[in-house]
Amino acid sequence: MTTGYGVGAVSTQRSGEPASPDLLRSAFRRHAAGVAVITACGARPVGFTATSLTSVAADPPMVSFGVSSSSSCWPVLSEAGHVGVHVLGEHQRELAATFARSGADRFAPPTSWGPGPEGVPLLDGVLAWLVCRIEARIPAGDHRIVVARVVEGDPAGAGRPLLYHQGGFHSLGAARD
């Protein structure tokens, strides 16, 4: 059955059935998202690149992000009390790629970082960083949605944000008047 909404409409077997993962991936390739790195510390520091970072509330200040429950980071995140949230700049494509790469030693040089408040690993040179206390971990399919309350941060980094679109990292482009 086709939706009839135009060229490229995705077919499903029957109305009301769940959509395929491919439909969601295809649709979200068209959605530009900011790029963040989430870090936490257990017996060792862990981190991953996230495009699912969302501001949830201003009062109290809260954010959320999704993480795969099969991720190598999940065992640490499932127990962590705090996380670091890092908004990446357009100059940090390689850092984003490192934290997205499976099996990489994400905290080895050339990654520049140090311990922050609550022992959270903080990355150097980011546009903004937040340290957040985890409030909830909500099951959502093959992921968990983590909701966290901001306890400290610094939004003073210089530069323009890194974006993720159509499967790659991009810059905003020249500003227009």
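Located above this text is the structure these notes cover.
Residues numbered from 1 in each chain as written. Predicted model: local features only at pLDDT ≥ 70, side-chain atom pairs only at ≥ 80, totals over all residues. Heavy atoms only, no water.

J.: Would you mind going over the side chain of Ser68 in detail, with residue names and values included?
T.: Considering the arrangement of structural elements, one finds Ser68 in strand β5 (residues 61–68). In this structure the side chain of Ser68 is engaged in a polar contact, spanning 2.9 Å, whose partner is the side chain of Ser70. With residues near it in sequence (within four places) discarded, Ser68 still touches Trp74, Asp142 and His143. (Helix = DSSP H or I, 4+ residues; strand = E, 2+ residues; numbered from the N terminus. Polar contact = N/O pair within 3.5 Å; in protein donor to acceptor, adjacent residues only side chain to side chain. Contact = heavy atoms within 4.5 Å.)

J.: Let's hear about the packing of aromatic side chains: which residues, and what values?
T.: Under the definition given, this model contains four aromatic pairs. Ring geometry for Phe48 against Phe65: centres 6.0 Å apart, planes inclined by 55 degrees, an arrangement best described as tilted. Taken together, the positions of Phe48 in strand β3 (residues 45–50) and Phe65 in strand β5 put the pair 17 residues apart, joining distant regions of the chain. An aromatic cluster of at least three residues, connected via ring pairs, comprises Phe99, Phe107 and Trp113. (Phe/Tyr/Trp six-rings, centres within 6.5 Å; stacked < 30°, edge-to-face > 60°.)

J.: An account of the pairing of strand β2 (residues 36–41) is requested, with residue identities and associated values reported.
T.: Extensive coverage of β2 is indicated by the burial of five of its six residues. Of the strand pairs in this sheet, β2 and β3 are connected by six bridges, and their pairing is antiparallel. Opposite Thr39, over in β3, you have Gly47 as the bridge partner. Turn length for the β2-β3 hairpin, with the two strands adjacent in sequence and antiparallel, is three residues. (Buried < 20%, exposed > 50% of the residue type's maximum accessible area, 1.4 Å probe, protein only. Pairing = 2+ DSSP bridges.)

J.: Residues and numbers for helix α3 (residues 93–100), please.
T.: Among the residues of α3, those classed as buried are Leu95, Ala96, Thr98 and Phe99. Seen along its axis, α3 keeps its buried residues to an arc of 160 degrees; they face one direction. Turned more than 90 degrees away from the buried face of α3 sit Glu94 and Ala100, all of them exposed. Taken together, the buried residues of α3 touch β2, β3, β8 (121–123) and β12 (168–170). (Arc of directions from axis to C-beta.)

J.: Now, about the sheet that holds β2: what can you tell me, with residues and values included?
T.: Reading across from one edge, β3-β2-β6-β9-β10-β5-β4 is the order of the seven strands in this open sheet, with antiparallel pairing throughout. In the strand order of this sheet, the two ends are held by β3 and β4 (54–58), each with one partner. Shown here is a sheet whose adjacent strand axes are inclined to one another by a mean of 30 degrees, direction ignored. Sheet topology places β2 next to strand β6 (residues 82–87); four bridges connect them, and they run antiparallel. Bridge pairing links Ala36 to Val87 in β6. The strands touched by α3 are β2 and β3; relative to β3, the strand with the most contacts, the crossing angle is about 115 degrees. (Axes fitted to C-alpha atoms, helices over the stretch in contact; angles between N-to-C directions.)

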